[in-house]
Amino acid sequence: MEYNFREIEKKWQQKWKDTNAYKVSNDSPKPSFYVLDMFPYPSGAGLHVGHPLGYIASDIFSRYKRLKGFNVLHPMGFDSFGLPAEQYALETGQHPAVTTEKNIETFKAQLDKIGFCYDWSREIRTSDPSYYKWTQSIFLKLFNSYFCNTCKQAKPITELIEKYQSRGGSNFTAEQWKAFSDKEQADILMKRRLAFSSFGEVNWCEALGTVLANDEVVNGVSERGGHPVIKKKMRQWYLRITAYADRLLQGLETVQFSDAMKEMQRNWIGKSEGCEMLFPLNPGPSPRGEKGDGEIEAKTDLKGAALVPKYSVSSPMSYELAKQNRKDYTDAEDKLWQELRSSKLDVKFRRQHPIDAYIVDFVSLQDALIIEADGGYHENEEQKLYDENRTRILNEIGFTVLRFSNSEILGNTSLVLNKIRETLNNVKTQTIKEKEQGSEFSHPSPPRGEGLGLRCYTTRPDTIFGVDFLVLAPEHTLVSSITTAEQKHAINEYLTYVKSRSDRERQSEVKQITGCFTGAYATNPFNGEPIPVWIAEYVLAGYGTGAIMAVPCGDQRDFAFAKHFNIPITNIIGDYFNGEEANSTKDAHLQNSGFLDGMLMKDAITVAINKIEELGIGKRKVNYRMRDAGFSRQRYWGEPFPIIWEDEMAVPLSENELPLELPHAEKYGPGPEGEGPLANMEEWTSSPSLLHRVEKGDEKMGAKVARRETSTMPGYAGSSWYFLRYMDPNNTQTFCDRKASDYWNQVDVYVGGTEHAVGHLLYSRMWTKVLFDLGYIGFDEPFKKLVNQGMIQGSSRFVYRPIVATHDNIGYEQTKKTIFISSGYIVGKTINESQEILHKILEPFNPTLNKIKDSEASFISANALHVDVSLVDGVELNIEEFRKWKNGEFADAIFICENGEVNYPLSFGEELGARFSKAKYICGSEVEKMSKSKYNTVNPDVLVDKYGADTFRMYEMFLGSVEQSKPWDTKGIEGVHRFLKKLWRLFYTDANPSTNAPGKQVWNTETATDAEQKILHKTIKKIEQDTENFSYNTAVSAFMVCVNELADAKCYKKEILENVLILLSPYAPHIAEELWYLLGNEGLVIDATYPALNEKYLVEATKEYPVSINGKMRSSINLPTETTEEDARQAVLSTEAITKWLEGKEVKKFIFVKGRMINVVV
RNA sequence: GCCCCGGUGGUGAAAUUGGUAGACACGCAGGACUUAAAAUCCUGUUUACAGCAAUGUAAGUAACGGUUCAACUCCGUUCCGGGGCACCA
C-alpha cells in the first residue's frame, strides 16, 4: 500500500465536509479561542503561494488549540469591495459584483484544496448587503457619537445636544443654542461627531476621473498615464481618529504586537510634547509712519471683539509693496476704487492693503470684507488654485472675499456694486457665533502665518538661546510678504525650483542642502537678537506651523544648513558641541542662555515653557502627527453612505432603512465635479421619494432639496470590524450580539502582513474603542496578539533581447531576427563592454549592423524580458518550452548560449537545430514582488496537484520562519514530500512494482521501549514549544528527526505512532487522518486529545559537557547530570585528554555552567 | 535624511537567558539495490593547510573595534540588502 495523497486528501476533505467537522458553536463548555487571518481581497489573479503562508500558520495553530481542548473559532471571508474590481469593470463593462463573485469561488476552491479548517458557515463578504448593512449601521453610530474630552471616551451625540440645551456650549449659552437655526446647530454638532463631514483637499486627476493617493502622484502628475493632478477641495467624510490618539497609544501597552509594529504605530500617531511660540518679526521702520494704517488698532470697538478680524501687520516690506501697487493699478481696479471711495456704500474701504500674508485690492476693515479685482491673467488653473487658497485663508481669519473679473467691473459696475452691497448686509447680520466657528471648518488646513510674527513649534524650548535662524516651508503664506526687495528675485527662483521637486525628492536628497534667505529678520523674544528668516524645502508645510526654529549646535540638519550657508552658530552647550557636528543631548548645562544659564537642559525645557506662557508669547502644546482619517472615496464599488443631504445638512437614515443598497450601475465613470460614479445616477441620488421623506419628516426643515451622499466608504470600512461579525455572522438584529462577543472576546491570535501596520490595524483598533465606549462590546482592543507574516516574493527570470538605438528619435529598434543572448554577456557588464560584445555577437546575424553602427546607430543594448518562471529550471531556460510559449511568439528565436554556441530553431534545418542542443541558455534573475505581469507567480494548485496539500503545507512552513520575507523557491519541496513517504513506510511498505506484490502492514501493537518513548516525548516537547512560538520551520524539522529516529530504531509500534499522528495532524491533517483511521482508531484525529508530555522519559543520567580552555573548545567529558561544580572540576583536571591542553599552567578560573559547558582559564 | 527589519556553507536555513556555529532539508559527489531507470537506502559535503586514512591544526556567522572566562547573540563605527516614511523639529 502506498502513500496515495490524491485519494487520501480528497477522501478526508469530503469527510470533514460531510460531518461538519469544522462547524463551531457559540455554546460550548470548552474555553474559547479565536484565531483570525487577515481576510484576502479576492483578486482576479487568484490565490498565489504568498497567501497561504499566513493561512497555514494560523490553521496549524487552530488545529493545535482544538487538540488542546479549546473551542476554536477560525473563520474566513472576503474583503470584497475595492478598486481593482471597479477598474476591471471600467475596462470590460462587467459588473464588479459578478467578477467578485467569480473570484471568490476561485479562491474558495483553491483554499479548500489545501485543507484548511475554516468554518465556512461563518463566511462573510464585505460587499454583501447583509454585511454592509452593519458597516453602515456602525457608521451611523460613529456619526451619532462625539468624543467627550472630559471623560476621554465616545458618547451619544444626544448627550451633547442635551448639554447644549440645558447649559450651552463653550461659546454660547443655552438660550443662544435654542435660537440657532437647524443649519447652525447641525454645523456645530458636525464639529464634534466621530464621523463627520468637512472640506478637504484631494489629489484630483481630471484625465483619470479619480482622486489619487499621494503615492500615486509622481512629480505632480499621475503615476498611471502621467496626467496632471490638481488639488481640489471637496466635501469629504472623516473619522475623528485623532480624538483617540492617546488611547491608541496607551492601548499598545496591553497587546502583544511585535516591537517593530508598535514602533510603527507610535511613529504614525507621532505624539510630541513641546510648545508653540511666537517670534515677532523685526519691526524695522514703524508701520505707523504710514499714514492711515495707524487706524488699524483703533478698530477694536463695536459689537464685540469677535467681529474684528485678526490681521497681520506683516513686515515693512508689505507696506512698501502696497505702496507700489497703489501706483500700479489696472483700469478696472481704478474704476472700482473710484466707486468705492465715493461712499456710495457708506463704508470705508482701503486700497492695496496688507492682510495676513496678502495684499488685497480693497478691504473694509470694519466689515471684514475684501474685494478683489482679477485681471485676465487669473484665467489659468494655477492662478485659480492660488486664488482659492488665498480666499480660504482670508476666510479663515474672518474676512469675506468677493472676486470680480475686470470685465465684470468695467462692463456692469452697478451690478458689481449691488452685489457688494448685498454682501455687506449679510456680513452685518451674521452672528458672532458663526464667525467664531467658521474658522475651524476647513480640514486639513495648511499652515499660515498669523498674528504679529512667526509661529514655531518646538520640542526643545530649552535651546531658545541657540536659535540662529528660522526656516519656513516654501509654501508658508508669509513668504511673499516678508521677503525683501533685494531677495525677491532669489526667493522666486527658489520657489520655482521647489515647485519642480516632488515631495519624495525633497525628503531624500539631503546631501544637497538648499534654501534661500528672505531678507527678513525675526526677533528672539528673550534677548532681542535679530534672527534671519530662511525658507528651505526640508521644512514641510503640512506639519505643525510650517516654520521651525533652527538650533545648529543641537540639530544636525540645522547644523548642516548653517555650515552650508555660513550662518554663525551659537554654542549653548559648551564642550558638548565640538564644532564638527550637532549634539542633540539633553544632558548639557546651558551656556549663553540668559535666564537659563547653568541649568540642565532636561530641566530647562519646563522652565522655558513656563516663561514662554508667562510672557504670553506661546503655550505648551502636545502635537500629533496623525490626522483624521479620510473616509470618502469617489468610487462606485464600496458601501454607500446612509446619509441624505437636505438643504446642506447631513441627515442620517434610520436603522430600519438599512441596508442602503448600492444601486446597480451600467457605467462606472466618475460623476461631475469630481464626484463618484453614483452622482451620475439621478434616480438614485435625488429620487422624489427622498423629497417625500423629507416632507413627511421634520416639518420645520421645510427642505426643498434632498440628495443622497454620492461618495462611498473606503476599503477599510468593512475590514475595521469584520472580526466581530464572524462571532455572530447571521444575526439580523444587530452587528454582533453582546453575548457572542463576550463569549469569544478578543481575537487571541491575528495573523497577517506588516503592510497593514498603520492603516487597517489602527482603524480597527479605533472602531473597537468606539464600540466599547458605547457599550456594544466588552473589550477595547480587538487583537490580543498579532503575528506578522513575511512577504513571499517572486523570483523573476529574464531573457535578453538586443536592441539598436538610432538617431531618428523613433527609439529602440529590435534586431530583425529574434535573438536572445545568455545573461553572461549582459549581467554585470558595463554599457561599453556589453556593447562591444553584442556587436561582435550580432554581426553574423545582421550584416548591416556595421553600417548602422557607423552611421545611424548610436547604441546597442539589450532589453530584459520577463520569462515565465515555469519555463526555467533554476536559471537555465528550457529553450524548447520557451519556443512554444505565448502561442509560439518566439518559435523562431535564435539563442546565443552561455558558451558562445548558438541554438537555432528548427526552421534553420534539422542539422543546425540539433547541433548545439546541449548548450545552456542562462536567464537573469531578480527578486521582485509577485505579480502576474512579471510571470513570476506560483500558483499553489500546481504544487498541490503534484505533491499534495500536506506536502505543500509543510513545505511552506519549512521554508523559514513565518515572519521572514523570502523569495519563493520550490527547490526543496521534494525533501518534505520524501519525509511524508518515509512516515508512511513506518506503517506500510510500498508495493513492489517488479513483482507486483502489494505493500504490507508493518505497524504492530507491541509495547514500546523506554528508548522509543524517549523519541516520542522528545518530539512532543519540541513540537509543543515550537507550535506555541509559531516556529513552524523547526517543528517540521523535529518531525523529520522523529521519523528518521523511529525508522532507524525500526519502531513500528502503534502506541508510539498514533501519538505522532496527533502531533502531526495540525501540520499534515490528511495523512494523519488516513493513518489514524488505518490504525483502527475510532473518530477523527482532529478530535483526539493532545498527548501529554511525560518528562520521565527525557531524564538523562549523564551529560556530555563541552570543555573549553581559555574559551576555545578543546574536548568534552561525560559527567552525571547532577554533578556539582567541585566534582566537575576534579573530573576535568584529572582527565588527561584535557590536562594536556593546560600545559602545566596554573588554573586561574574554572567556569561551570550546569547542564551547559565547562571553561577552564589558565 | 529618518524609522524598522535583515546579512550565517553551493542553496533554504538552525542555534533557550551570551555557553559545542551550521540542526533539518535541498543540491552535489561517491556507493548499494536494479539488465536499466524510477523509487529507496548508505557515505561524504564550511574553508585552508597537513595526512593514504582515522584525524589534526588554523580560520570562519558582512567589515572593523569593544565588553566578557566565553559573542551569530550585547555595545560602537562602517558597508550592503529589504521594507516603511508624513524630514515630526
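Residues numbered from 1 in each chain as written. Chains lettered and ligands numbered in written order. Predicted model: local features only at pLDDT ≥ 70, side-chain atom pairs only at ≥ 80, totals over all residues. Heavy atoms only, no water.

Here we take up the overall build of chain A. Each helix and strand in chain A was counted, giving 40 helices and 40 strands. Looking at chain A as a whole, 51% of its 1162 residues are labelled buried. In chain A, the proportion of contacts linking residues at least 24 apart, taken out of those at least 6 apart, comes to 71%. (Helix = DSSP H or I, 4+ residues; strand = E, 2+ residues; numbered from the N terminus. Buried < 20%, exposed > 50% of the residue type's maximum accessible area, 1.4 Å probe, protein only. Contact = heavy atoms within 4.5 Å.)

A few words now on the side chain of Arg122. Within the secondary structure layout, Arg122 lies in the loop between α4 (96-113) and α5 (129-143). Contacts of Arg122, omitting those with residues within four sequence positions, involve Val24, Ser25, Asn26, Leu73, Tyr726, Met727, Asp728, Pro729 and Trp744.

Okay, the pairing of strand β40 (residues 1157-1161) next. By the bridge criterion, 3 bridges tie strand β37 (residues 1102-1109) to β40 in an arrangement that is parallel. Opposite Val1107, over in β40, you have Ile1158 as the bridge partner. Where strand β39 (residues 1149-1153) and β40 come together, 5 bridges link them in antiparallel fashion. The partner of Phe1152 across the bridge, within β40, is Ile1158. The loop that links β39 with its antiparallel partner β40 comprises 3 residues; one of these, Gly1155, has a positive phi angle of about 80°. (Pairing = 2+ DSSP bridges.)

A residue-level look at chain A finds 80% of positions with pLDDT of 70 or above and a mean pLDDT of 79. Model confidence for chain A, summarised as mean pLDDT per element, is weakest for helix α16 (residues 432-438) at 35 and strongest for strand β2 (residues 71-73) at 96. This stretch, residues 431-451, has a pLDDT under 50; its non-local contacts, to residues over four places away or in other chains, come to 61 contacts. Counting interchain partners and residues more than four positions distant, the pLDDT-below-50 stretch residues 850-857 has 15 contacts. With pTM at 0.78, the complex prediction returns an ipTM value of 0.92. (pLDDT = per-residue confidence, 0-100.)

Bringing helix α32 (residues 940-947) into the picture now. Of all the residues in α32, the buried ones are Pro940, Asp941, Leu943, Val944 and Tyr947. Projected onto a plane normal to the axis of α32, the buried residues spread over an arc of 165° and lie on a single side. Away from its buried face by more than 90 degrees, α32 exposes Val942 and Lys946. Buried residues along α32 sit in contact with α1 (5-18), α4, α33 (949-958) and α34 (973-984). Near the N-terminus of α32, the side chain that reaches the backbone nitrogen of Asp941, with its oxygen 2.8 Å away, is that of Asn939. Downstream of α32 by one or two residues, Gly948 has phi in the positive range, about 95°. (Arc of directions from axis to C-beta. Polar contact = N/O pair within 3.5 Å; in protein donor to acceptor, adjacent residues only side chain to side chain.)

Taken as a whole and judged by the stated rule, the model has 33 salt bridges. Between Arg122 and Asp119 there is a salt bridge whose closest N-O contact spans 3.2 Å. Look at Arg122 and you get buried, because its relative accessible area is 5%. What makes Asp119 buried here is its relative accessible area of 3%. (Salt bridge = Lys/Arg side-chain N within 4 Å of Asp/Glu carboxyl O.)

By size, the foremost hydrophobic cluster in this structure holds 175 residues, and its most contacted members are Phe139, Trp237, Phe631, Leu724, Met954, Phe987 and Tyr1067. Counting residues per element, this core draws most heavily on helix α36 (residues 1032-1048), at 9 residues. In this structure, Phe469, Leu472, Met549 and Val551 belong to the second largest nonpolar core, which totals 54 residues. (Core = buried A, V, L, I, M, F, W, Y, C linked by side-chain atoms within 4.5 Å.)

Looking at the element boundaries, Glu1073 is found in helix α38 (residues 1069-1078). The buried charged residue Glu1073 lacks any salt bridge, with Arg63 as its nearest oppositely charged partner at 6.0 Å. There is a polar contact of 2.5 Å between the side chain of Glu1073 and the backbone nitrogen of Val1085. Here Glu1073 is in contact with Trp12, Trp16, Leu1084, Val1085 and Ile1086, once residues within four sequence places are set aside. (Lys, Arg positive; Asp, Glu negative; His and termini not counted.)

Spatially, β15-β10-β20 is the arrangement adopted by the 3 strands of the open sheet, whose pairing is antiparallel. Each edge of the sheet is formed by a strand with only one pairing partner; in this case those strands are β15 (453-458) and β20 (618-624). Neighbour-to-neighbour, the strand axes of this sheet turn through a mean angle of 30°, independent of strand direction. Against the sheet, helix α21 (residues 601-615) contacts β10 (271-280) and β20, and its axis sits at roughly 120° relative to β20. (Axes fitted to C-alpha atoms, helices over the stretch in contact; angles between N-to-C directions.)

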